[in-house]
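# Residue-level structure breakdown
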Amino acid sequence: MTKILIAEDDDHTRDALREVLTMEGHEVIAASDGLQAVDFFRAESPDFVCLDVMMPGLNGYEVCRQIRKHDEKVPILFLTAKAEEIDTVLGLELGADDYMTKPFGVKEIIARIRAILRRTAMRSGAGAKAEDETFTMDDLRIVPAELRAYRDKQEIQLSPRDVKLLRLLHDRRGKVINRNTLADEVWGVDFFPESRALDQHISQLRKRVEKDPSQPRIIRTVHGAGYRFE
């Protein structure tokens, strides 16, 4: 499951995006203006950001600048009614991964988000072949290049951040990884340690990758210390 932040001041567009992305299995956080979008990003550490350009408070370009100060890698997709080439160039120069012009179809935006996530996953593993290799944890087979995991005939969708977290636990099997290390290596140095984003993310990931989340075998909590995979 990918956590997606939508920043859109039009109620109809925002609600429609939230509905369709939720139906696709994503966790959606919706902001109605730029200031709220920045606050939500810092508190929730989403895996993907959809930004409207023309918003009250802060416009999408300024929100993008603020996000890039804290996270250089999170994928950002601009949504706008403005189609001039100069706007497209500006958005991409600020660090956006792609740009969609309204109106757009439901299937189109879902396909675009999937493509960006795949591209981002490949880019983050460029030059490090081992990071693309399939690995196993207990009876779970994780395929980073597909952003998927498999258990028997069950297919589980993963975000790039999910894969990174599982890979870290796998590579340090038997060792306790504390919250600060997980935050630094999975979220980046600008993770906000006072937030509950890490714990919430692990809780949600357990629901998808563990046979019995109440008795985890893949992501085990070591109370007062961190997390471990045996």
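Here the structure is shown first, and the text comes after it.
Definitions and cut-offs
- Each residue is numbered by its place in its chain's sequence as written, counting from 1.
- Restriction of local features to residues with pLDDT of at least 70 applies here, the model being predicted, together with a cutoff of 80 or more for giving and counting side-chain atom pairs; totals for whole chains, interfaces and linings are based on all residues.
- Water and hydrogen atoms were dropped before computing side-chain values, which therefore reflect all heavy atoms in the structure.
- Working definition: rings of Phe, Tyr and Trp (its six-membered ring) pair if their centres are within 6.5 Å, and the pair is stacked with planes under 30 degrees apart, edge-to-face with planes over 60 apart, and tilted otherwise.
- Secondary structure elements follow DSSP: runs of H or I no shorter than four residues count as helices, runs of E no shorter than two count as strands, and numbering proceeds from the N terminus.
- The buried label applies to any residue whose accessible area, calculated with a 1.4 Å probe on protein chains only, is under 20% of its type's maximum; exposed applies above 50%, and partly exposed to all values in between.
- Pairs of N or O atoms within 3.5 Å make up the polar contacts considered here, provided that, within protein, one atom can donate a hydrogen while the other can accept it, and that residues adjacent in sequence are counted only when both atoms are side-chain atoms.
- Note on contacts: a residue pair qualifies if any of its non-hydrogen atoms lie within 4.5 Å across the two residues.
- The pairing criterion is simple: DSSP has to find at least two bridges between the two strands.
- Convention adopted: a line fitted to C-alpha atoms gives each axis, helices being fitted over their contacting stretch, and angles between N-to-C directions are expressed from 0 to 180 degrees.
- Put simply, a salt bridge is a Lys or Arg side-chain nitrogen that is within 4 Å of an Asp or Glu carboxyl oxygen.

Taken as a whole and assessed by the stated rule, the structure comprises two aromatic pairs. Arranged with centres 5.4 Å apart and planes meeting at 75°, the rings of Y61 and F78 form a pair that is edge-to-face. One end of the pair, Y61, is in helix α3 (residues 60-70); the other, F78, is in strand β4 (residues 76-80), and 17 residues separate them in sequence. You'll find Y61 and F78 in the same group, each marked buried. Between the aromatic rings of F78 and Y99, the centroid separation amounts to 5.9 Å while the plane-to-plane angle is 55°, which identifies the pairing as tilted. Within this pair, whereas F78 is found in strand β4, its partner Y99 is found in strand β5 (residues 98-101), the two being separated by 21 residues in sequence.

This brings us to the side chain of D47. Assignment of secondary structure puts D47 in the loop between α2 (34-44) and β3 (48-52). Overall, the relative accessible area of 5% leaves D47 in the buried class. Reaching out from D47, the side chain makes a polar contact with the side chain of R161 at a distance of 3.4 Å. Not counting the four nearest positions on each side in its chain, D47 is found in contact with M1, T2, K3, V74, P75, S159, R161 and H201.

The next thing to look at is unusual backbone geometry. A cis amide bond links K102 to the next residue, P103, at an omega of -5°. Examined against the element boundaries, P103 turns out to sit in the loop between β5 and α5 (106-124). Look at D138: it is not a glycine, yet its phi comes out positive at around 60°. Turning to its location among the elements, D138 is positioned in the loop between β6 (135-137) and β7 (140-143).

For the rest of this paragraph, the subject is the pairing of strand β9 (residues 154-157). The two faces of the sheet receive side chains in turn, since in a regular strand these alternate between them. Taken together, the four bridges between strand β8 (residues 148-151) and β9 define a ladder with antiparallel strand orientation. Looking across to β9, one finds that R148 is bridged to Q157. In textbook terms, the turn of a hairpin is the stretch between consecutive antiparallel strands, and for β8 and β9 this stretch comprises two residues, one of which, D152, has a positive phi near 55°.

Pairing between the strands of a sheet comes from backbone hydrogen bonds, and it takes one of two forms, parallel or antiparallel. An order of β6-β7-β8-β9 is seen for the four strands of this open sheet, with the pairing classed as antiparallel. At either margin of the open sheet sits one strand with a lone partner, and together these are β6 and β9. On average, adjacent strands in this sheet sit at an angle of 25° to one another, irrespective of strand direction. Relative to β8, β7 runs antiparallel, the two sharing three bridges. Residue I142 lies in a different strand from β8, and its bridge partner there is A149.

Moving on, we get to the pattern of salt bridges. Note that side chains of opposite charge can pair when their charged atoms are close. Counting across every chain of the model gives 19 salt bridges. For K3, the salt bridge identified is with E44, shortest N-O distance 3.5 Å. Here K3, found in strand β1 (residues 3-7), pairs with E44, found in helix α2; they are 41 residues apart in sequence, far enough to count as distant. Residue classification places E44 among the partly exposed residues on the basis of a relative accessible area of 23%. A salt bridge links K211 to D139, with the nearest nitrogen and oxygen atoms 3.2 Å apart. Residue K211 is located in the loop between α8 (197-209) and β10 (220-222), and its partner D139 is located in the loop between β6 and β7; the two are separated by 72 residues in the primary sequence. Given a relative accessible area of 62%, K211 falls into the exposed group. Members of the salt-bridge network, linked through shared partners, are E8, D52 and K102.

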